[in-house]
Amino acid sequence: MTYAALALQLTARSVERCPDRAAARAQMLATIESVGPKLRAASVFIEQYSGNKVRLAVLPEYLLTSYPGRISIADFADKAALEEGGPEYEAFGRIAEAQNLFLAGNAYETDRHFPGLYFQTSFVVAPSGEVVLRYRRLNSMFAPTPHDVWAKYLDVYGVEGVFPVARTEIGNLAAIASEEILYPEIARAHALRGAEIFVHSSSEVGSPVATHKAIAKRARAFENLAYVVSANTAGIEGTAMPFASADGNSLVVDWKGNVLAESNTGETFTAFGAIDLDALRAARRKPGMTNYLARQRTELFAAAYAAATVHPAGTLLDKAPDRDHFLRVQSEVIERLAKEGVI
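Values in this document were obtained by computation on a predicted structure and should not be read as measured data.

Some words on the packing of aromatic side chains
Pairs of aromatic rings are described using the distance from one ring centre to the other and the angle between the two planes.
Then step 1. Summed over all chains, the structure comprises 16 aromatic pairs.
Then step 2. Here Phe 92 and Phe 123 contribute two aromatic rings whose centre-to-centre distance is 5.3 Å and whose plane-to-plane angle is 45 degrees, an arrangement assigned as tilted. Residue Phe 92 is found in helix α3 (residues 87-99), and its partner Phe 123 is found in strand β4 (residues 119-125); the two are separated by 31 residues along the sequence. For the pair formed by Phe 92 and Phe 123, the shared burial category is buried.
Then step 3. Relative to Tyr 157, the ring of Tyr 153 lies with its centre 4.7 Å away and its plane at 40 degrees, an arrangement referred to as tilted. A residue pair is termed a helical-turn pair when its members lie 3 or 4 positions apart in one helix, as Tyr 153 and Tyr 157 do in helix α4 (residues 150-162) at four residues.
Then step 4. Classification of Tyr 153 as buried rests on a relative accessible area of 1%.
Then step 5. The partly exposed category is assigned to Tyr 157, whose relative accessible area is 26%.

Below you can see the structure in the form of structure tokens.
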């Protein structure tokens, strides 16, 4: 099977200046409605140009809201975080259904099991309109993650909900959120559960110089024999930050680590490439030195990981956090690692 995957580079709209919850929700729905025509026009061009139909489109990180800034966690959850099955997901579902493609995106989301918190969530909506993948970001600097409520999160969702893989007609999809592309363990955990294509919603500095993220995207691809479809924002409007601070360099990387296409700056569909699922699967089934996934010796590292606690789990199980909580925890981690002689 061969089809086109698209990293659609769009401008994120901050809800920071929206006066209330109702205004923020109206703006988010308007943003979603604006995606449909842009995606349809891009898909028509790509099919005419390449001969491959677009079956997978990836949207940038926090497209609907931008980042939370210094808004309190509880206030941001109320103002900007989506509800599972809410009208925003229904709107995304209508786009996926109307255009017969899988639509991947990223938003902040509440969870009835964890009142007062929100999680950054990467999702995939199928052509049926159904959300077939929901992944919560595991490593974040200033926001709650499942690891911060770890024991309860595992009780509710199990490991399947921590590292979900959607087995679909276009391949096995998994999500990596933003700077998590820098952490090889997250991609590897998904790959060991069968992931073939990583959808990566990001908002990052675009640069002609190879950034850490740019290098990591290629590494995560070849070391796992997987495609990476990475969509960046085309700037962020509605904040005090200079507009184009997170703009450009959306890309598609093949399972050998080759960049198939990369965008320049601004809103654009130019990061698209062919996904050759048969070639990927053949490579994964072929013995050889470049089959890095099959050569993993996981037992070598299990004991070392089990014995080492770096960032502690469950720090939010019994408290309502402020934004500075995460910095305090990291400072304590650094101090402990120094005392232990690790750093």
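Observations concerning the packing of helix α1 (residues 21-50) against helix α2 (residues 73-80)
Then step 1. Packing of α1 against α2 brings their axes to within 8 Å, and their N-to-C directions diverge by 55 degrees. If you check the angle between α1 and α2, you find them oblique. For the pair α1 and α2, contact is made by Arg 21, Ala 24, Arg 25 and Met 28 and by Ala 77, Asp 78, Lys 79 and Ala 80, respectively.
Then step 2. Looking at the contact of α1 with α2, its residues break down into four nonpolar, no polar and four charged.

Observations regarding the sheet that holds strand β8 (residues 197-201)
Then step 1. Strand order in the open sheet formed by six strands is β6-β7-β8-β9-β11-β12, with mixed pairing between adjacent strands. Here the strands that pair on one side only, and so sit at the sheet edges, are β6 (166-168) and β12 (259-262). Averaged over neighbouring strand pairs, the angle between their axes works out to 20 degrees when direction is ignored.
Then step 2. Bridge count between β6 and strand β7 (residues 171-177): three bridges; the pairing is antiparallel. Paired with Ala 166 across the two strands is Leu 173, which belongs to β7.

Considerations on the nonpolar core
Then step 1. The biggest cluster of nonpolar side chains holds 83 residues, and the ones touching the most others in it are Leu 56, Leu 103 and Ile 197.
Then step 2. Of all the elements, strand β1 (residues 2-13) adds the most residues to this core, at eight residues.
Then step 3. Excluding its chain neighbours within four sequence positions, the residues that come into contact with Leu 103 are Leu 39, Ala 57, Leu 59, Phe 92, Ile 95, Ala 96, Phe 123, Val 124 and Val 125.
Then step 4. Formed by 14 residues, the second largest nonpolar core is a distinct cluster that contains Ile 176, Ile 181, Ala 191 and Ala 195.

Things to note about α3
Then step 1. For α3, spanning 13 residues, the distance from its first C-alpha to its last is 19 Å, which sits close to the expected 18 Å at 1.5 Å a residue.
Then step 2. Taken residue by residue, α3 has Glu 88, Tyr 89, Ala 91, Phe 92, Gly 93, Ile 95, Ala 96 and Gln 99 as its buried positions.
Then step 3. Residues of α3 that are buried make contact with α1, β3 (102-109), β4 and β5 (131-136).
Then step 4. Looking one or two residues past α3, Asn 100 carries a phi angle of roughly 55 degrees, positive in sign.

Details of the pairing of strand β9 (residues 227-231)
Then step 1. Burial of β9 is extensive: five of the five residues sit out of reach of the surface.
Then step 2. Judged by which residues are buried, β9 turns out to be covered on both faces: Tyr 227, Val 229 and Ala 231 on one side and Val 228 and Ser 230 on the other are all buried.
Then step 3. Where β8 meets β9, five bridges bridge the pair, whose relative direction is parallel. Looking across to β9, one finds that Phe 198 is bridged to Val 228.
Then step 4. As a crossover connection, the stretch from β8 through helix α6 (residues 212-224) into β9 is right-handed.

A few points about the pairing of β8
Then step 1. The buried count for β8 comes to five of five residues, which makes it a mostly enclosed element.
Then step 2. Every second residue of β8 is oriented toward a common face, with Ile 197, Val 199 and Ser 201 on one face and Phe 198 and His 200 on the other, all of them buried.
Then step 3. In terms of strand pairing, β7 meets β8 through five bridges, oriented parallel. Note that in β8 the partner of Ala 174 across the bridge is Phe 198.
Then step 4. The handedness of the β7 to β8 crossover, carried by helix α5 (residues 184-191), is right-handed.

Cut-off values and rules
- Residues numbered from 1 in each chain as written.
- Predicted model: local features only at pLDDT ≥ 70, side-chain atom pairs only at ≥ 80, totals over all residues.
- Heavy atoms only, no water.
- Phe/Tyr/Trp six-rings, centres within 6.5 Å; stacked < 30°, edge-to-face > 60°.
- Helix = DSSP H or I, 4+ residues; strand = E, 2+ residues; numbered from the N terminus.
- Buried < 20%, exposed > 50% of the residue type's maximum accessible area, 1.4 Å probe, protein only.
- Axes fitted to C-alpha atoms, helices over the stretch in contact; angles between N-to-C directions.
- Parallel < 35°, antiparallel > 145°, perpendicular 65-115°, else oblique.
- Contact = heavy atoms within 4.5 Å.
- Nonpolar A, V, L, I, M, F, W, Y, C, P; charged D, E, K, R; others polar.
- Pairing = 2+ DSSP bridges.
- Core = buried A, V, L, I, M, F, W, Y, C linked by side-chain atoms within 4.5 Å.
- Expected span 1.5 Å × (residues − 1).
- Right-handed = clockwise from strand over helix to strand, strands pointing away.

This is a description of form; function is not addressed.
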